[in-house]
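Here is what each chain is made of, one letter per residue.
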Amino acid sequence: MKQMIETWEDIVRNTLSPFRQAHTQGVVEVAMKMASAFGQDGQSVHLAALVHDAMREKDPDVLLLMAEEYGLMIGSLEKKYPILLHGPLAAAKLRREYGVTDESVLQAISAHTTGEKDMGVLAKIIYIADMIEKNRDYPGVERLRKLSYNNIELAFGACLKHNVHHLIERERKLHRDTVECWNQFAD
Ligand SMILES: [Fe+2]
Ligand SMILES: [Fe+2]
């Protein structure tokens, strides 16, 4: 695992913009703190945080092509917003090219943008950390930060709600996985 983390540290350093590297490092820091607060394996969380945005800066055409190659599901929303594929693609790459089989790590990477139903603690940590890392600055981020080390379920629900609100305010469609995730939370 240590070797895998070093490999992905190199990939992040060599392929992402300084902006995205700083974001990734911010997610690593917050996610590691949350991992120890909520009893999760630090190395698994570290790897998921490092890889989560590894495909975030690929061109839309490249994302669609890669998704086809990997046989990922490409719905109408993914066709319109190929950026939605960056998480599932990074997870697919980690599984197929790097032999990672830890489903909690793969889920955390795959679901970090849309959420999905049945997210484990690790996936919730990455989802939250992605929204509250130190470089993030938007109205309400401080409230989410305060929640995040106390009650992970509450913090996750608050982050999800924030994102669903944001999408609706911009009159954007909701991804089916986001709807399922929200409906499960609100149950
Ligand atoms: Fe992302
Ligand atoms: Fe991110």
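What comes next concerns the included structure. Since we're looking at a predicted model, the values are computed, not measured. (Residues numbered from 1 in each chain as written. Chains lettered and ligands numbered in written order. Predicted model: local features only at pLDDT ≥ 70, side-chain atom pairs only at ≥ 80, totals over all residues. Heavy atoms only, no water.)

Regarding helix 1 (residues 2-15)
When the terminal C-alpha atoms of helix 1 are compared, their 20 Å separation across 14 residues agrees well with the 20 Å that a helix rising 1.5 Å per residue should span. Of all the residues in helix 1, the buried ones are M4, I5, W8 and V12. One side of helix 1 holds all its buried residues, which, seen down the axis, span an arc of 100°. Those residues of helix 1 that are exposed and aimed more than 90 degrees away from the buried face are K2, Q3 and N14. On the buried face of helix 1, the contacting elements are helix 2 (18-37), helix 3 (42-51) and helix 6 (86-98). (Helix = DSSP H or I, 4+ residues; strand = E, 2+ residues; numbered from the N terminus. Expected span 1.5 Å × (residues − 1). Buried < 20%, exposed > 50% of the residue type's maximum accessible area, 1.4 Å probe, protein only. Arc of directions from axis to C-beta. Contact = heavy atoms within 4.5 Å.)

Examining the packing of helix 6 against helix 7 (residues 103-110)
Between helix 6 and helix 7, whose axes approach to 7 Å, the crossing angle comes to 150°. Overall, the two elements helix 6 and helix 7 adopt an arrangement that is roughly antiparallel. On helix 7, the residues that touch G87, P88, A90, A91, L94 and R95 of helix 6 are E103, V105, L106, I109 and S110. Here the contact of helix 6 with helix 7 is built from residues that sort into 7 nonpolar, 2 polar and 2 charged. (Axes fitted to C-alpha atoms, helices over the stretch in contact; angles between N-to-C directions. Parallel < 35°, antiparallel > 145°, perpendicular 65-115°, else oblique. Nonpolar A, V, L, I, M, F, W, Y, C, P; charged D, E, K, R; others polar.)

Concerning the side chain of H112
Mapped onto the elements, H112 comes out in the loop between helix 7 and helix 8 (121-132). Of note is the side chain of H112, whose polar atom sits 3.1 Å from the side chain of D53. There is a polar contact of 3.0 Å between the side chain of H112 and the side chain of H86. With sequence-adjacent residues up to four places away left out, H112 is seen in contact with H52, D53, H86, G87, I126, Y127 and D130. (Polar contact = N/O pair within 3.5 Å; in protein donor to acceptor, adjacent residues only side chain to side chain.)

Topic: the nonpolar core
One finds W8, L47, V51, L94, I109, I126 and I128 to be the most contacted residues of the largest nonpolar core, which totals 53 residues. Per element, the largest residue contribution to this core is 9 residues, and it comes from helix 8. If we skip the residues at most four places from it in the chain, I109 touches A48, V51, H52, G87, A90, A91 and L94. (Core = buried A, V, L, I, M, F, W, Y, C linked by side-chain atoms within 4.5 Å.)

A look at the coordination of the iron ion (ligand 2)
Every protein donor of the iron ion (ligand 2) is listed here as H23 (NE2), H52 (NE2), D53 (OD) and D130 (OD), and their distances to the metal cover 2.1 to 2.2 Å. Between the donor residues of the iron ion (ligand 2), the gaps in sequence give the motif H-x28-H-D-x76-D. Here the iron ion (ligand 2) and the iron ion (ligand 1) are spaced 3.6 Å apart, and both take D53 as a donor. One end of the pair, H23, is in helix 2; the other, D53, is in the loop between helix 3 and helix 4 (60-70), with 30 residues separating them in the sequence. (Donors = N, O, S within 2.8 Å, 3.2 Å for Na, K, Ca; no water.)

A look at unusual backbone geometry
Positive phi outside glycine occurs at D118, with the angle close to 60°. On the basis of relative accessible area, D118 is assigned to the exposed category, the value being 52%. Residue E171 is not a glycine yet carries a positive backbone phi of 55°. As for its position among the elements, E171 is in the loop between helix 10 (152-169) and helix 11 (176-186).

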